[in-house]
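# An overview of the molecular structure
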Amino acid sequence: MTRIALVTGANRGLGRATALALARNRIRVVAASRGGASEVVDEIVESGGEAIAIQLDVADLPSLEAARGAVLAGIRQEWNASTLDVLVNNAGVGLFAPLGDVTAEDFDATFAVNVRGPLFVTQAFLPHLSDGARIVNVSSSLSRHVSPATSVYAASKKALEALTRSLALELGPRGIRVNSIAPGPTATDFNGGAMRDSDAMREALSEQTALGRVGDPDDIADAISALVSHEFRWATGERIEVSGGVLL
Ligand SMILES: NC(=O)c1ccc[n+]([C@@H]2O[C@H](COP(=O)([O-])OP(=O)(O)OC[C@H]3O[C@@H](n4cnc5c(N)ncnc54)[C@H](OP(=O)(O)O)[C@@H]3O)[C@@H](O)[C@H]2O)c1
């Protein structure tokens, strides 16, 4: 049976690339984003895949109930389905500030998207995940190595990895695999687009990377696609870094 995946933050960057990669692998995609990711849906449909768009702000807890209703109505209407088989908690925000500049508001906003979001999105959809479903939480190589001014962001991703391991244990009896993917520096809008647009930043990071360049969105998206495949069925609670070997 054709599987259905929900991807958060599917409108751009790694989420968009992941939605496209899953669709290439014949997975139906619910592309979730704050604005409703209709462009990526059009792109998927034009290339022969299947997708619907829904609106989901992962930091807005009161809106989760309506978003869940919209997803369930959408998959029933489009595919006569009632469950999801893949959940990719991709939506995330960076916070790059030295300690002296970190505010409580910034801290809360970062954790609201990067930690609280994946937790409560997973909770909201848990009754609607098929047994044997795959959950992928998008972490960061910064949970392993240290870079200047990344304390809060790195802590949020480390917290997400802790959630990943706990939920892998908790959801194991249903056969649900929960893993995290930890991208290294990747050329998206992230961090003001620095990894894509700043030659100096790209060169510096490339020199620190075993494979000699920063990542492309497809490098990460294809890894997520592989991680949710049958071949990775025996992995759960794992952190899989896809960084080209940054700061090994
Ligand atoms: N690029 C990298 O170097 C890198 C490295 C390691 C990890 N990551 C992680 O990879 C994930 C994707 O990052 P990216 O590189 O694709 O960054 P990006 O291009 O900045 O995209 C971030 C995505 O997250 C969405 N988002 C932010 N807040 C949201 C919210 N409250 N509700 C729903 N969606 C929200 C954005 O939606 P809007 O368009 O509505 O803002 C956008 O779709 C993040 O978790 C990030 O931490 C990225």
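Okay, the packing of aromatic side chains next. Overall, the coordinates contain four aromatic pairs when judged by the stated rule. These aromatic residues form a ring-pair network of at least three members: F96, Y153 and F190.

Of all 10 residues in strand β5 (residues 129–138), eight are buried, a share of seventy percent or more. Relative to β5, strand β4 (residues 84–89) runs parallel, the two being bridged by five bridges. Note on β5: the bridge partner recorded for N89 is N137. With respect to chirality, the unit in which β4 leads through helix α4 (residues 104–125) into the neighbouring parallel β5 is right-handed.

Here we come to the site of the ligand. Among the 28 residues in the neighbourhood of the ligand, the closest are listed as N11, R12, R34, Y153 and T188. In the model, an oxygen atom of the ligand is placed 2.6 Å from a nitrogen or oxygen of the N11 side chain. Measuring from an oxygen atom of the ligand, one finds a backbone N or O atom of N90 at 2.8 Å. Notes on the ligand: free accessible area 890 Å², of which the protein chains cover 94%. A majority-of-atoms criterion places the ligand in the largest pocket. In terms of residue class, the shell around the ligand is made up of 13 nonpolar, 10 polar and five charged.

By size, the foremost hydrophobic cluster in this structure holds 29 residues, and its most contacted members are L6, V30, V71, I75 and L84. Counting residues per element, the ones that place at least two in this core are β1 (4–8), β2 (28–33), β3 (51–55), α3 (64–79), β4, α4, β5 and α5 (151–171). In terms of residues, this core owes the most to one element, α3, which gives five residues. In this structure, V30 is in contact with I4, A5, L6, V7, I52, I54, V71, I75, W79 and L84, ignoring residues within four places of it in sequence. Within the second largest apolar cluster, 26 residues are counted, among which are A10, A23, V40 and I224.

The subject of this paragraph is the side chain of S243. Inspection of the secondary structure assignment puts S243 in the segment after β7 (239–242). Separated by 2.7 Å, the side chains of S243 and E241 make a polar contact. A polar side-chain atom of S243 sits 3.2 Å from the main-chain amide nitrogen of V246. Apart from residues no more than four positions distant in its own chain, S243 is found in contact with S141, R144, A182, P183, G184 and T209.

With that settled, the discussion passes to the packing of helix α1 (residues 13–24) against helix α2 (residues 38–46). Between α1 and α2, whose axes approach to 10 Å, the crossing angle comes to 25°. Taken as axis vectors, α1 and α2 run roughly parallel relative to one another. As for how α1 packs across α2, the hand of that crossing is right-handed. Of α2, the residues touching α1 (which contributes R16, A19, L20 and A23) are V40, E43 and I44. Grouping the amino acids of the contact of α1 with α2 by side-chain chemistry returns five nonpolar, no polar and two charged.

The next thing to look at is the sheet that holds strand β6 (residues 177–183). Sheets are built from strands paired through backbone hydrogen bonds, the pairs being either parallel or antiparallel. Here we have seven strands laid out as an open sheet, ordered β3-β2-β1-β4-β5-β6-β7, and parallel in their pairing. The open sheet has two free edges, formed respectively by β3 and β7, since each of these has just one partner strand. Within this sheet the neighbouring strands show an average axis-to-axis angle of 20°, counted without direction. As defined by bridge partners, β1 adjoins β4 across three bridges and the pair is classed as parallel. For L6, the partnering residue across the bridge sits in β4 and is L87. Together, β1, β2, β3 and β4 form the strand contacts of α3, whose direction differs from that of β3 by roughly 160°.

Reading the values: the criteria
Residues numbered from 1 in each chain as written. Predicted model: local features only at pLDDT ≥ 70, side-chain atom pairs only at ≥ 80, totals over all residues. Heavy atoms only, no water. Phe/Tyr/Trp six-rings, centres within 6.5 Å; stacked < 30°, edge-to-face > 60°. Buried < 20%, exposed > 50% of the residue type's maximum accessible area, 1.4 Å probe, protein only. Helix = DSSP H or I, 4+ residues; strand = E, 2+ residues; numbered from the N terminus. Pairing = 2+ DSSP bridges. Right-handed = clockwise from strand over helix to strand, strands pointing away. Near = heavy atom within 4 Å. Polar contact = N/O pair within 3.5 Å; in protein donor to acceptor, adjacent residues only side chain to side chain. Areas by Shrake-Rupley, 256 points an atom, 1.4 Å probe, with all protein chains shown as cover. 1 Å grid on protein atoms, 1.4 Å probe; cavity = no way out; pocket = protein on both sides within 12 Å on 5 of 7 lines; lining within 4 Å. Sits in = over half its atoms within 2 Å of the grid points. Nonpolar A, V, L, I, M, F, W, Y, C, P; charged D, E, K, R; others polar. Core = buried A, V, L, I, M, F, W, Y, C linked by side-chain atoms within 4.5 Å. Contact = heavy atoms within 4.5 Å. Axes fitted to C-alpha atoms, helices over the stretch in contact; angles between N-to-C directions. Parallel < 35°, antiparallel > 145°, perpendicular 65-115°, else oblique. Left-handed = near helix turned anticlockwise from the far one by under 90°.

Any functional reading would require information that these geometric values do not contain.
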